[in-house]
Amino acid sequence: MTFAPSLEAVPRMERPLLSSTLLSLLMSLGLGWAWSTPDCTIADSSLLSNISYYIPFCSLAPGLHLFASCSNVSDLAQTLTALPRRLDALCLQGTVPVLPADAFGQFPTLQLLKLHLGTVRITSGAFQGLDQLQYLFFEHPSPCCLSLLFPPDALKPLIFLNSLSFQGYCLNSSQNIQLPLSLSRLTLRHSCLTDLQELQGLFPSLVLGSSPTAISSPWPAFLEVLDLSANPQLSRVGVKALHGLQLHSLRLDGTPLSVSELLGSGLLHLNSLSLVGTGTEKLPGNVTAYFELSALDLGRNQIQNIGDEDLSSCRSLERLSLHANGLHSLPTRFLSALPQLQRLNLSMNKLGPTLVLPEGLVSSSLRVLDLSHNELSALPSGAFSSLPQLKELWLGGNNISNLSSEALEGLRWLKTLDLSWNQIKVLKPGWLSSLPALISLNLLGTHIENFSGLLLQGPKKLTHLWLGSPDILELYPPWTLTLLSLEVWAHTYVEFRVPQGEPFLFLENLTLQASYVLLQSSNNTVHFPSLRHLTLRGCSPIIFSTHKSQGFFPQLPSLEHLHFWSNHEGTEGLQLFGLPRLRVLELGGLDCLSASRPTDLEVLLENLPQLEVLALSNLNFGNLSISSFRGLGLLRLLLLNSEWALGLDSSLQEFIPQMPQYVYFSDVIFICQCESSWVGPWATQAPNTFVYGLEKSICMANASDYFKTPLLSFLSGNCPDNLELQSFLTSFTLVLLLIIFALLGCPKWPWLHHVWTLFHAWLWKVGGWNHRSQYHYDVFISYCSQDQDWVLAELIPALEKPLPAGEGLRLCLPERDFGVGQDRMEAMAASIDSSKATLCVLSRQALGSPWCNLELRLATYHLVAKPGTTRLLLLFLEPIDRWQLRSYHRLARWLQKEDYLDLPRKSADLEAFWDQLRRTLRKTVQDRED
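Draft legend 1. Here's a closer look at the overall build of the protein chain. Each helix and strand in the protein chain was counted, giving 17 helices and 45 strands. Taking all 930 residues of the protein chain together, 55% fall into the buried category. Within the protein chain, counting contacts between residues at least 6 apart in sequence, those at least 24 apart form 61% of the total. When the accessible area of the protein chain is evaluated, it comes to approximately 39,200 Å², of which 53% is carbon and sulfur surface.

Below, the structure is given as structure tokens:
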């Protein structure tokens, strides 16, 4: 689900005229809007493949990237309207009684559609326009059964449909469903099927002659997979129930069906049969022989003994799984009776403690043997010598403590050896001497504490190595230069002892899991010039220290993906230098809440110019500001997970036009502050950004606040008039666009002169010329009509009268000094530009005045774009919270304390106020003259 709020999710606030104008201008420029919609998640799995670790979404098919997953859907049209049009996959969960015609026509590139919509009626044409759809799923989480009304021609537009699945639905009310010719996988799980005969009525094209109205085909129907698993009522087959159907694979897992009844089903061809968890007690030899099966899966059954007579009918088998059957032994003629067998799964049986292979166990075809979790503790010499073609041997999860080279004799073509999670403590050099073709070795979870590269002698091209110990692991040279992937685990520490040279010259993937990683090297430097993917779990941050005695990774010039999850406190010592190609950074678990100081993201990320994905978890960086993202111009995905008391600085508004395409807040508690009031509108109105996690986020007022205050509720209830994106989203650019937009509405075209004025001012700044001649006024006075009486009666005499009665300043008042018939916008811009200072008289009425707003924005532009040439002073006639002004006009970071002046309430303080005002203006005028 997504927590990105829509405008309907937050009470509607008053929106200033200029802010609305700005948003309208952005829309007219075609910048696009965020993809935010309540209860929807949108992401691109090509950016972060394990994004499901952080946020929930539906499972995807390989090769699909851009997806949307929506929950609590009730108004289908409203939900789909807010989604991007170029989706690869779409998952919907909710309650939608009717799927209307052309429901998904706006998604022409959709390839996967998964629907959890409860009891639903599909109308004809519901899938019109989905020419590229390959996967269609109807799923209900609770077992059997909801009603699904499916019209016969509903699937007609899906000319490339490959997989169709119904789970938790009853199709009794649907008949004569026309399946596309492209369909290769059909699934009906947790349905109300009781007899395979029912398939003839549901899908008549599957069975020859099953319906007089079905379109006849010169070829028998063919499916790659027919999955009827998890149908507890499916107990009958029926005569010719599958007449003429050709199947590659039939899955009947978890059904009470008698498999022998398939012999009379009329099934024309069957290659693979799965009967997992059906209570089978013996090999179905008659069915195997009748169809000449090549694959048979009998896992989680009760076949505890196999007789020689059971094997005589299974000679066609190439793949056999007897996983978790309680087998204690194998018959004498087991493999000799299965001459074509290539893959044999005997895992989770009871063939230990000593592997006793029957005499005559000879197979020239067996390629894969799985004996994991069989309580084995010893392997006799030559245990596998009769399996010369074996390429994969899985022995994990046993109790093997000693392993000699004799036990592995004869396996000259073995490529994969898994010995993980055994009791091995010591290995002798040469134990792999009989395995010259080995490329993958797994020793995770063993008790080896000292591992020398000498133990790897024998294999010519070992590329993948896993090592692990429950406490410590010390690694000694020499290292094989062929390694491409290395994974090392230890609870306390891993120590590398590396001589001079380049032992890891071609290593591309490295995973280290330990509290500490130590290095003993003659030159204190280990180079990984080819490393592209680095995963660190539990390690201290000093592993990245630039100090030669502590750092392990001084330079990683080819690294593209770094996943660093530490169990240590704070990020001190963590310095990410020398990573010029890093694209994905996942950083977290540093327990920073107990650290002495929060994480400084600006320092941490300052040298990662190619970063595209940034996922941060539990770092306690306190406040997020624009300075954290300087130099990250290519960032496309930002994910913040498990952060506590997070503040969003208002300076981030300047980063909005360059904000990543995807921003996720997962399990984040914010600080309740009005400075973050911009985030609500940003989530729904920022250009080209999808925001997740704000709608249901909570905030806290202080460290002792344990009340779960919804963030958006706090902002709407305590921060009025501050929910719109305000002016300086991009400083000069948007202010200039705003002025042009306002001037375009005039009957004449005086805006050309104004543009020239701005350009002329820019030339003055670039050329470094003196500005004295351009000042016609000392102070430009900005005020609203409601405050005009006070300005004329009190302010003007105090500043404009000659000394000693006044200050003798040249003032510019819009009502007095603008020419008759002159365009006010043009006159305003020219007058501010030709004044040494601008004094804004502010009251609540002034903040609501469009002209005062524009004058203040123009003055702010001069303050930011031309520093040193003008000054802006704010005179408050009444108490106004500073956060209103800071979030509204982005001035807090540019103004100093003396730039704010408050009109005192007490008459006794007025004299000091006037002295301060005159002194400030006098100094300003003198500075500009100098």
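Draft legend 2. Up close: the pairing of strand E21 (residues 440–443). Along E21, one buried face is formed by Ser-440 and Asn-442 and the opposite face, lined by Leu-441 and Leu-443, is buried too. The pairing of strand E20 (residues 416–418) with E21 spans three bridges and is classified as parallel. Across the sheet, the residue bridging to Thr-416 is Ser-440, located in E21. Bridge count between E21 and strand E23 (residues 464–469): four bridges; the pairing is parallel. The partner of Asn-442 across the bridge, within E23, is Trp-466.

Draft legend 3. Main features of the sheet that holds strand E43 (residues 835–842). Reading across the sheet, the five strands line up as E42-E41-E43-E44-E45 and stay open at both edges, with parallel pairing between neighbours. Both edges of this open sheet fall to strand E42 (811–812) and strand E45 (900–902), since each of them pairs with a single strand only. Sheet topology note: the E43/strand E44 (residues 871–876) ladder contains six bridges and is parallel. The residue of E44 that forms the bridge with Val-841 is Leu-875. Contacts between helix H11 (residues 788–800) and the sheet are confined to strand E41 (777–782), E42, E43 and E44, with E43 contributing the most and set at about 150 degrees to the helix. Together, E41, E42 and E43 form the strand contacts of helix H13 (residues 824–833), whose direction differs from that of E43 by roughly 120 degrees.

Draft legend 4. Quick peek at the nonpolar core. Core analysis: the biggest nonpolar cluster contains 229 residues, and Phe-104, Phe-127, Leu-417 and Phe-496 have the highest contact counts within it. Among the elements that take part in this core, strand E2 (residues 66–73) stands out by supplying five residues, more than any other. Not counting residues up to four positions away in its chain, the partners in contact with Phe-127 are Leu-99, Phe-104, Leu-113, Ile-122, Leu-136, Phe-138, Phe-150, Ala-154, Leu-155, Pro-157 and Leu-158. Counting 23 residues, the second largest nonpolar core, distinct from the first, contains Leu-813, Trp-914, Leu-921 and Val-925.

Draft legend 5. Summary view of the environment of Leu-715. Assignment of secondary structure puts Leu-715 in helix H8 (residues 711–718). The spacing of Leu-715 and Cys-674 is 41 residues in sequence and 6.3 Å in space, taken between C-alpha atoms.

Draft legend 6. Here's a closer look at the packing of aromatic side chains. Taken as a whole, this structure holds 17 aromatic pairs when the rule is applied. Measuring from centroid to centroid gives 5.8 Å for Trp-479 and Phe-504, while their planes differ by 45 degrees, and the two rings are tilted. With Trp-479 in the loop between strand E24 (472–476) and strand E25 (485–490) and Phe-504 in the loop between strand E26 (493–498) and strand E27 (509–513), this residue pair connects regions lying 25 residues apart in the sequence. According to the relative accessible area criterion, Trp-479 is buried, its value standing at 8%. Among the aromatic residues, those joined into a cluster by ring pairs are Phe-104, Phe-127, Phe-138, Phe-150 and Phe-166. Across from the ring centre of Phe-137, 5.1 Å away, lies the NZ or CZ of Lys-114, which sits over that ring.

Draft legend 7. Spotlight on the sheet that holds strand E4 (residues 98–99). Reading across from one edge, E4-E6-E8-E10 is the order of the four strands in this open sheet, with parallel pairing throughout. In this open sheet, the two edge strands, each paired with only one partner strand, are E4 and strand E10 (169–170). Relative to strand E8 (residues 146–149), strand E6 (residues 120–122) runs parallel, the two sharing two bridges. If you follow Val-120 over to E8, its bridge partner there is Leu-148.

Cut-offs applied
- Residues numbered from 1 in each chain as written.
- Predicted model: local features only at pLDDT ≥ 70, side-chain atom pairs only at ≥ 80, totals over all residues.
- Heavy atoms only, no water.
- Helix = DSSP H or I, 4+ residues; strand = E, 2+ residues; numbered from the N terminus.
- Buried < 20%, exposed > 50% of the residue type's maximum accessible area, 1.4 Å probe, protein only.
- Contact = heavy atoms within 4.5 Å.
- Areas by Shrake-Rupley, 256 points an atom, 1.4 Å probe, with all protein chains shown as cover.
- Pairing = 2+ DSSP bridges.
- Axes fitted to C-alpha atoms, helices over the stretch in contact; angles between N-to-C directions.
- Core = buried A, V, L, I, M, F, W, Y, C linked by side-chain atoms within 4.5 Å.
- Phe/Tyr/Trp six-rings, centres within 6.5 Å; stacked < 30°, edge-to-face > 60°.
- Lys NZ or Arg CZ within 6 Å of the ring centre and 35° of its normal.

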